[in-house]
Amino acid sequence: MPWLDPVISARFPDKLNISSVIAFSFGAFLILALVYGKTSSGETRMLQSSSSIVIHAAGDLRIESQKVAGPGAGEVLIHMQAGGICGSDLHYYHNGGIGAIKLREPMVLGHEVSGIIRALGTDTGDLQTGQLVAISPSRPCHSCVFCANGQHNHCLNMRFYGSAMPFPHIQGAFQENLVVSATQCAPAEGLTAAQAAMAEPLAVCLHAVAQAGDLSGKTVLITGCGPIGALCILAARHAGAERIIATDLSDYTLTMAQLCGADTPLNTAENPQALEEFHADKGQVDVHLECSGAAAALAAGVACLRPRGILVQLGLGGDMTLPMQALTAKEITLRGSFRFHEEFFTAVKLMQTSAITVDHLITHSFPASEAIQAFTTASDRSHAMKVQVRF
């Protein structure tokens with residue numbers, strides 16, 4: 001191999017004995033074994049070492065090295081640039097799982113990422129090396145009944161990054177180098193890496209807003225103003241909402257909600273009756289986007305909804321008791337909202353055209369080597385919104 005020629009010329013003297021030949025040959029074999037690997041199809045690709053953020057158990061977060069093969073057909077090699085810490089990442093960090101979903105083996109975290117294309121496999125379309133791309137973590141099979149119906153977010157064989165739901169777990173994207181499908185890559189020209197990494201949570205909110213239907217001229221209540229709630233405010237306003245009421249337990253997050261365009265921010269910890277003015281005449285709210293996963297927030301929203309209003313549940317806080325009597329009597333429609341698929345590319349385009357601006361939500365950025373500090377900061381909602389790691 002050409003890259004071994006200088007090594008050969010430097011290592012071989014003019015006169016050789018059989019032992020030196022054997023020693024060199026064995027050494028060269030070891031080099032090749034370390035640098036090259038085979039895929040399941042038998043294709044040989046060059047391997048690289050990649051620093052990754054790995055969760056082993058609750059509170060046990062480590063920086064470890066992973067081996068990454070070169071890209072194959074339809075694939076690209078990404079040098080990761082930015083990754084946002086999501087609520088699900090924090091659940092794995094603090095609790096070792098999400099509800100009934102528990103870690104059963106070490107798992108690389110992360111699914112809100114962007115990076116630079118380092119190398120291209122064959123059949124990768126118009127993608128180019130050196131190009132910044134946002135990387136969709138949604139990897140459906142495209143062959144099950146839900147994929148055939150265009151419901152890719154419900155794919156029976158979904159390989160969503162950083163998920164302990166299946167076993168073996170689906171490893172996440174907090175990796176210095178990662179091979180991805182070209183179909184996952186949304187070109188992000190005009191954006192920073194930090195902005196591009198916001199495409200995933202924004203896509204979650206675009207999907208939720210689509211679940212709510214036409215928001216033109218509507219009054220919208222958003223409960224829970226963490227990153228998802230704040231992005232829902234931006235998405236709802238873009239969709240035409242006329243008035244947005246936002247509730248949370250923290251003044252800091254409500255300040256961020258105002259920056260995103262909330263008309264009426266309400267601290268329900270300081271004033272538990274803050275929403276009572278919207279109870280009049282069976283309710284004043286058309287749509288409730290529930291982002292906290294808290295039963296109290298859902299119940300408070302139901303009391304505010306007009307008859308035949310729409311409640312969209314995004315927050316995942318475990319099973320909860322519903323105010324079924326009020327839901328029934330007011331003929332309220334309850335809709336779940338889970339992940340996204342095609343909305344990912346829409347999210348990138350909306351940021352590229354400045355139709356939605358997310359910069360003010362990115363409050364902290366840490367090098368990947370300081371992952372524990374990054375996760376600690378992201379856990380403190382009194383002064384952090386979206387915390388990202390840099391690779």
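Scope of this entry: the structure provided in the associated data block. (Residues numbered from 1 in each chain as written. Predicted model: local features only at pLDDT ≥ 70, side-chain atom pairs only at ≥ 80, totals over all residues. Heavy atoms only, no water.)

1. Side note on a nonpolar patch on the surface
So, point 1. Together, Leu322, Met324 and Leu334 line one region of the surface with nonpolar side chains, adding up to about 250 Å² of accessible area.
So, point 2. Topologically, Met324 is positioned in helix α10 (residues 324-329).
So, point 3. You can call Met324 partly exposed: its relative accessible area is 46%. (Patch = residues over 30% accessible without salt bridge, like charges linked within 9 Å, V, L, I, M, F, W, Y side chains within 5 Å. Areas by Shrake-Rupley, 256 points an atom, 1.4 Å probe, with all protein chains shown as cover. Salt bridge = Lys/Arg side-chain N within 4 Å of Asp/Glu carboxyl O. Helix = DSSP H or I, 4+ residues; strand = E, 2+ residues; numbered from the N terminus. Buried < 20%, exposed > 50% of the residue type's maximum accessible area, 1.4 Å probe, protein only.)

2. Looking at the packing of helix α6 (residues 199-212) against helix α11 (residues 343-352)
So, point 1. Here α6 crosses α11 at 110°, and the two axes come no closer than 8 Å. In terms of axis orientation, α6 runs roughly perpendicular to α11. Crossing handedness for the pair α6 and α11: right-handed. Seen from α6, the contacting residues are Ala199, Glu200, Leu202, Ala203, Leu206 and His207; seen from α11, they are Glu343, Phe344, Thr346, Ala347, Val348, Leu350 and Met351.
So, point 2. Along the lines of polarity and charge, the residues of the contact of α6 with α11 split into nine nonpolar, two polar and two charged. (Axes fitted to C-alpha atoms, helices over the stretch in contact; angles between N-to-C directions. Parallel < 35°, antiparallel > 145°, perpendicular 65-115°, else oblique. Left-handed = near helix turned anticlockwise from the far one by under 90°. Contact = heavy atoms within 4.5 Å. Nonpolar A, V, L, I, M, F, W, Y, C, P; charged D, E, K, R; others polar.)

3. Considerations on the layout of surface pockets
So, point 1. Size it by volume and the second largest pocket reaches roughly 290 Å³.
So, point 2. If you go around the second largest pocket, you meet 14 residues; those closest to its centre are Arg139, Gln171, Gln175, Leu178 and Val179.
So, point 3. The set of elements that each furnish at least two residues to the lining of the second largest pocket consists of β3 (60-69) and β10 (177-181).
So, point 4. Residue contributions to the lining of the second largest pocket peak at four residues, all from β3.
So, point 5. For the lining of the second largest pocket, the residue count by class is seven nonpolar, four polar and three charged. (1 Å grid on protein atoms, 1.4 Å probe; cavity = no way out; pocket = protein on both sides within 12 Å on 5 of 7 lines; lining within 4 Å. Points joined across faces, edges and corners; volume = space filled by probe spheres on them.)

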